[in-house]
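Take a look at the letters that make up each chain.
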Amino acid sequence: MAGMRKITILGSTGSIGDSTLSVLEFAARNGEANFEIEALTANTNVEKLAEQARKFNAKFVAIADETLGDDLKAALVGLDIESGAGAAAVEAAAERDADYVMAAIVGAAGLKPTLKAAQRGADIALANKECLVCAGDIVTAAIREAGGRLLPVDSEHNAIFQVFDFERPERVTRLILTASGGPFRTWTTEEMSVATPAQAVAHPNWSMGAKISVDSATLMNKGLELIEATYIFPIPHDQIEILVHPQSVIHSMVEYVDGSVLAQLGTPDMRTPIATTLAWPDRAPSPSAKLNFAEVAKLTFEAPDLERFPALRLAREAIKAGGIMPASLNAANEIAVASFLAGGIKFLDIAAISEQVLDGVGKGNGPAALTTLEEAVAADRQARRLAEQAVAARAAA
Ligand code: NAD
Ligand code: MG
């Protein structure tokens, strides 16, 4: 991590935010980092945000919940740290002069702030896959035009990024996205029909935020990642394969015309891909455990089951149809997952509602092209509305 870098973390209080700060702390302790924290943002956790700001001497902090602005000010009293509240303050944080912005807000809520940071020309370390699913062409064009780099944080995309020959993409025959299979990998549909939120968020390998944990249980996460991959790598969706690999040691693979398959391996710890994005193309030490192959002993693989995990099929259909379909799928899933976590709908309803919304959007309007932020936001809103209706209908039934 050569030279002084200014770093902003959007969504600093979450799982990825925590891991990013822990990598920075580790690098600093090892004399490997020379950085300043420009801005940190959170949704509602004032206490944690203020604590992080104090510890890392941030210049600016923003809380998305407008009603918490005074609490944040009170928590920062006596410190030379500016603060703001509301969506505009989070965008203002993104617009501040940082060289590296970690986009780690969960959901389409991360779209506008990430775009602001991209338009300013910062390197974008992208954890927030939903913003690519919602508006992939718009976000990647903004990064490209402003001259920043897109550094994928999602472990699969980070793995592919490390072994992908960007100079000869025509020599790539296949991307193989690995999936752990989630906590319900071996469950029957009947068993999944009564799965609770606590069971769904108990991921066997990774410790993550609640929303992505549920997405890992439905395999919607892998579906979103399939769509995400089409925006990061110049490879058509039908050359991207999904492979269940329960040990989560091979984080993904790239196959070339000569039959060579290149992979990136490591322990399932997000601090490794985060460290990669912080140092790239250099390497920096990370606090994650190193891989012990003898202990892992066995790597196994299975084809994904599209019958039990229909979210994978929906993601394929959405990216194949293009237009507003990926954004619609993402928005419907966000509403359904939030309702499931709140006890409003059953586990299997998540994919069922997502499918219902895709059907509604497809039949009602036909998949329009999606080229502006306004169109992406409109597609997101429409799908949210339809999903909310579907959730309400299930509650009434
Ligand atoms: P999380 O729920 O732990 O954290 C989310 C962060 O976003 C928090 O700081 C929260 O305050 C903030 N936030 C939530 N809603 C917001 C809103 N409406 N406006 C502004 N800020 C808001 O989630 P996470 O697990 O850290 O995941 C973050 C992103 O990274 C997601 O897009 C996820 O898919 C992706 N990701 C996470 C992991 C992982 O291991 N956790 C791995 C790969 C990708
Ligand atoms: Mg991933």
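Residues numbered from 1 in each chain as written. Chains lettered and ligands numbered in written order. Predicted model: local features only at pLDDT ≥ 70, side-chain atom pairs only at ≥ 80, totals over all residues. Heavy atoms only, no water.

Draft legend 1. View of unusual backbone geometry. Note the cis peptide between Trp280 and Pro281, where omega equals 5 degrees. Among the secondary structure elements, Pro281 is positioned in the loop between helix H12 (271–279) and helix H13 (293–296). One non-glycine residue with positive phi stands out, namely Asn57, at about 55 degrees. A positive phi angle is found at Ser248, which is not glycine, with a value near 50 degrees. By the element assignment, Ser248 lies in the loop between strand S9 (240–244) and strand S10 (250–256). (Helix = DSSP H or I, 4+ residues; strand = E, 2+ residues; numbered from the N terminus.)

Draft legend 2. Region of the structure containing the coordination of the magnesium ion (ligand 2). Around the magnesium ion (ligand 2), the protein contributes the donor atoms Asp154 (OD), Glu156 (OE) and Glu225 (OE), at 2.1 to 2.2 Å from the metal centre. Along the chain, the residues that donate to the magnesium ion (ligand 2) are spaced as D-x1-E-x68-E. Each member of the pair, Asp154 as well as Glu156, carries the same accessibility label: buried. (Donors = N, O, S within 2.8 Å, 3.2 Å for Na, K, Ca; no water. Buried < 20%, exposed > 50% of the residue type's maximum accessible area, 1.4 Å probe, protein only.)

Draft legend 3. Structural detail: the layout of surface pockets. By volume, the second largest pocket amounts to about 330 Å³. Mapped by element, the contributors of at least two residues to the lining of the second largest pocket are strand S11 (261–265) and H12. Broken down by class, the residue content of the lining of the second largest pocket amounts to seven nonpolar, eight polar and three charged. (1 Å grid on protein atoms, 1.4 Å probe; cavity = no way out; pocket = protein on both sides within 12 Å on 5 of 7 lines; lining within 4 Å. Points joined across faces, edges and corners; volume = space filled by probe spheres on them. Nonpolar A, V, L, I, M, F, W, Y, C, P; charged D, E, K, R; others polar.)

Draft legend 4. The arrangement of the sheet that holds strand S2 (residues 35–42) in detail. Overall, parallel pairing links the seven strands, which are arranged S4-S3-S2-S1-S5-S6-S7 in an open sheet. Each edge of the open sheet is held by one strand with a lone partner, namely strand S4 (82–85) and strand S7 (150–152). On average, each strand axis in the sheet is inclined to that of its neighbour by 15 degrees, with strand direction left out of account. Of the pairings in the sheet, the one linking strand S3 (residues 60–63) to S4 comprises four bridges and is parallel in character. Residue Ile63 lies in a different strand from S4, and its bridge partner there is Ala85. Strands S2 and S3 of the sheet are contacted by helix H2 (residues 46–56), whose axis makes an angle of about 175 degrees with S2. (Pairing = 2+ DSSP bridges. Axes fitted to C-alpha atoms, helices over the stretch in contact; angles between N-to-C directions. Contact = heavy atoms within 4.5 Å.)

Draft legend 5. Inspection of the site of ligand 1 at higher detail. With respect to spatial proximity, 22 residues lie near ligand 1, and among them Thr13, Ile16, Asn43, Glu130 and Gly209 are the closest. Measuring from an oxygen atom of ligand 1, one finds a backbone N or O atom of Gly14 at 3.1 Å. Gly209 places a main-chain nitrogen or oxygen 2.8 Å from an oxygen atom of ligand 1. For ligand 1, the protein covers 86% of the area, taking 830 Å² as the surface of the free molecule. Contributing elements (two or more residues each) for the shell around ligand 1: helix H1 (15–29) and helix H6 (129–146). Grouping the amino acids of the shell around ligand 1 by side-chain chemistry returns eleven nonpolar, eight polar and three charged. Inspection of the shell around ligand 1 shows a minimum of three residues originating in each of domain 1 (5–152) and domain 2 (158–268 + 302–396). (Near = heavy atom within 4 Å. Polar contact = N/O pair within 3.5 Å; in protein donor to acceptor, adjacent residues only side chain to side chain. Areas by Shrake-Rupley, 256 points an atom, 1.4 Å probe, with all protein chains shown as cover. Domains from an automatic or database assignment.)

Draft legend 6. Expanded view of the domain arrangement of the protein. Looking at the protein, the domain boundaries give domain 1 (5–152) and domain 2 (158–268 + 302–396). For domain 1 versus domain 2, the separation of C-alpha centres amounts to 25 Å. Listed as interface residues are 20 residues of domain 1 and, on the opposing side, 26 residues of domain 2. In total, about 1900 Å² of surface goes out of reach between domain 1 and domain 2, with carbon and sulfur atoms giving 69% of it. The largest per-residue losses of area from domain 1 upon contact with domain 2 belong to Lys129, Val133 and Pro152, which jointly make up 35% of the total buried on that side. Scanning the region where domain 1 abuts domain 2 turns up two salt bridges. The partner of Lys211 in a salt bridge is Glu130, and the shortest N-O contact between them spans 2.9 Å. One can count six residue pairs in polar contact (both at pLDDT 80 or more) joining domain 1 with domain 2. Elements represented by at least two residues in the side of domain 1 that touches domain 2 include exactly helix H5 (111–119), H6 and S7. (Buried area = accessible area lost by both parts, 1.4 Å probe. Salt bridge = Lys/Arg side-chain N within 4 Å of Asp/Glu carboxyl O.)

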